[in-house]
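Structural description and commentary
Listed below are the residues making up each chain.
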Amino acid sequence: MLPATLSNRFSQLSIGVSRTSVRHGHFMPKRQRPQYKLAKFPEGHGEQIWVWSHQLTRQVVYSHSKTMESHRVLRQLPFNGKKLRPAALRKDYWKPMAMIQLPKGAGAAGQSVFQKLREFRKMHELCWDESLRFDVVKTEALSSPEKGPRPVKERRRVLNKFERGQRLNDQYANSIADMAAVLAGKGRGNRLFVRRGDRVKGRLQGRKWLDYRMKLANQLEALKELNREQKLLPVTVSWAVDADRNYASSWSENVKHKLFDDAVRLLEVYKRKVPKASKKPNDKEPKDKKPDDKKPTGKDNIKYVYQEVKDDIPAEFSKKGKAKAVGEDRTIRDE
């Protein structure tokens, strides 16, 4: 057994010249430019941010698309208590509250705004103030004519789990205040600030890549001048209700406000004057009245048609029918 084992061991050894290989040198930089064509995002991704709100719970979610996707929306809804997080998405309960429109080619800035809005909402959900712990109850003491009105007493009541979860879900006013802050350039790394040279072929590029090249070239003073000349991108916010923007204390100058097309149509309907109803053919008009030059509206073209109503009363209830039914025996007999 021993010689056979040794022969097997020697047969495994390789005899000959070892193979040598030459490692090819790489001349590509460590930081490569982003290749948007390889990404699966559609053209113009990040230029629009849709803000959706729940009609009952006033929860708020953000989306880059006009349609809501359940697997993306449910990820944004936290668990604030039992029976407070929906198990499925009911699209009939959600409506678009606002839409943030950025300039063409500024998708990188839109993605940064989207990230900041979600981060600020998470801070509202985790950083509680006294309004999420207690409820102020005001009680008025009985007043007498001799002593006069007594002061109002205030006491604090501790909220239970369900009430606290309802207040945590209500992020309607906070989200509008966050929009005003983010669009004003608040937040670390906000890409709404644009400098000269940040755009390449009309598309907004990453700021770190430009800073990295200038630092390698020892152009620190030029980099400081670029940071001083940075400006905020112009942004347009479309609202479903124009009064919602008043939840924020102030808005920056780069933000413009307008209404959705559907909201504009509703306002036109409410402002439109209701035309007067036309008169019936039997009504006589005064001879001195001059004819109107206005074109007839749809309501004025109504034609009044008079129809004769036939007598559908049964014969039993008419006078002749009653006379016939007097002598009849209507008792039901068993057969």
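Residues numbered from 1 in each chain as written. Predicted model: local features only at pLDDT ≥ 70, side-chain atom pairs only at ≥ 80, totals over all residues. Heavy atoms only, no water.

- As annotated in an unreviewed UniProt entry, the protein chain is Large ribosomal subunit protein mL67 from Colletotrichum chrysophilum.
- Regarding the protein chain, the UniProt comment filed under Sequence similarities (unreviewed entry) reads as follows: "Belongs to the mitochondrion-specific ribosomal protein mL67 family." (UniProt positions renumbered as here; feature names shortened; annotations may be inferred.)

1. A look at the overall build of the protein chain
- Scanning the protein chain for helices and strands turns up nine helices and 11 strands.
- Going through the 335 residues of the protein chain one by one, you find that 26% of them count as buried.
- For the protein chain, contacts bridging at least 24 residues in sequence account for 64% of all contacts bridging at least 6. (Helix = DSSP H or I, 4+ residues; strand = E, 2+ residues; numbered from the N terminus. Buried < 20%, exposed > 50% of the residue type's maximum accessible area, 1.4 Å probe, protein only. Contact = heavy atoms within 4.5 Å.)

2. Topic: the side chain of K116
- As for its position among the elements, K116 is in helix α3 (residues 107-126).
- The exposure class of K116 is buried, given its relative accessible area of 8%.
- Contact partners of K116, with chain neighbours within four places excluded, come to V182, G187, R188, G189 and N190.

3. Points about the packing of α3 against helix α5 (residues 172-183)
- As a packed pair, α3 and α5 sit with axes 10 Å apart at the nearest point and diverge in direction by 135°. In this view, α3 runs oblique relative to α5, as classed from their interaxial angle. The hand of the α3/α5 crossing is right-handed. Touching V113, K116, L117, F120, R121 and H124 of α3 are N174, D178, M179, V182 and L183, all from α5.
- By residue class, the composition of the contact of α3 with α5 is six nonpolar, two polar and three charged. (Axes fitted to C-alpha atoms, helices over the stretch in contact; angles between N-to-C directions. Parallel < 35°, antiparallel > 145°, perpendicular 65-115°, else oblique. Left-handed = near helix turned anticlockwise from the far one by under 90°. Nonpolar A, V, L, I, M, F, W, Y, C, P; charged D, E, K, R; others polar.)

4. Let's talk about the sheet that holds strand β2 (residues 60-63)
- Strand order in this open sheet of five strands is β2-β1-β3-β10-β11, and the pairing throughout is mixed. This sheet does not close on itself; its edge strands, each paired only once, are β2 and β11 (255-259). Across this sheet, the average inter-strand angle for adjacent strands is 25°, counted without regard to direction.
- Sheet topology places strand β1 (residues 48-54) next to strand β3 (residues 94-101); seven bridges connect them, and they run antiparallel. Pairing of W50 across the sheet is with M99, part of β3.
- Packed onto the sheet, α3 meets β1, β2 and β3 and runs at close to 160° relative to β2.
- Sheet contacts for α5: β1, β2, β3, β10 (235-239) and β11; angle to β3, the most-contacted strand, approximately 10°. (Pairing = 2+ DSSP bridges.)

5. Some remarks on the packing of aromatic side chains
- One pass over the structure, following the stated rule, counts four aromatic pairs.
- With a centroid separation of 5.9 Å and an interplanar angle of 75°, the aromatic rings of Y172 and Y247 are classed as edge-to-face. Of this pair, Y172 sits in helix α5 while Y247 sits in the loop between β10 and β11, placing them 75 residues apart in sequence.
- For Y247, a relative accessible area of 41% puts it in the partly exposed group.
- One aromatic cluster in this structure is built from W50, W52 and F260.
- The ring centre of Y93 lies 4.5 Å from the NZ or CZ of R90, which sits over that ring.
- The side chain of R156 reaches across the aromatic face of F134, ending 4.0 Å from its centre. (Phe/Tyr/Trp six-rings, centres within 6.5 Å; stacked < 30°, edge-to-face > 60°. Lys NZ or Arg CZ within 6 Å of the ring centre and 35° of its normal.)

6. A short note on the nonpolar core
- Core analysis: the biggest nonpolar cluster contains 42 residues, and I100, M179, L183, L192 and V237 have the highest contact counts within it.
- At the level of secondary structure, the elements contributing two or more residues to this core comprise β1, β2, α2 (70-76), β3, α3, α5, β10 and β11.
- Per element, the largest residue contribution to this core is six residues, and it comes from α5.
- The residues touching M179, leaving out its near neighbours within four places in the chain, are V51, A98, I100, L117, V237, W239 and W251. (Core = buried A, V, L, I, M, F, W, Y, C linked by side-chain atoms within 4.5 Å.)

7. A few points about the side chain of N80
- Position of N80 relative to the elements: it lies in the loop between α2 and β3.
- Judged by relative accessible area, N80 falls into the buried class, the value being 17%.
- Of note is the side chain of N80, whose polar atom sits 2.7 Å from the side chain of N169.
- Those residues within four positions of N80 in sequence are excluded, and the remaining contacts are G165, L168 and N169. (Polar contact = N/O pair within 3.5 Å; in protein donor to acceptor, adjacent residues only side chain to side chain.)

8. Observations concerning unusual backbone geometry
- Here the phi dihedral of R58 falls at roughly 60°; this positive angle occurs in a residue that is not glycine.
- If you trace the backbone, R58 turns up in the loop between β1 and β2.

9. Points about the environment of P78
- Locating P78 in the fold gives a position in the loop between α2 and β3.
- Its relative accessible area of 17% is what places P78 among the buried residues.

10. Some words on empty space enclosed by the protein
- Here the structure, examined in full by the defined rule, presents one cavity of 30 Å³ or more.
- Looking at the largest cavity, its volume works out to about 50 Å³.
- As for the largest cavity, its lining consists of Q59, V60, Q76, L77, P78, N80, R121, E125, L168, N169 and Q171.
- Counting residues per element, the ones that place at least two in the lining of the largest cavity are α3 and α4 (161-169).
- When its residues are assigned to classes, the lining of the largest cavity shows four nonpolar, five polar and two charged. (1 Å grid on protein atoms, 1.4 Å probe; cavity = no way out; pocket = protein on both sides within 12 Å on 5 of 7 lines; lining within 4 Å. Points joined across faces, edges and corners; volume = space filled by probe spheres on them.)

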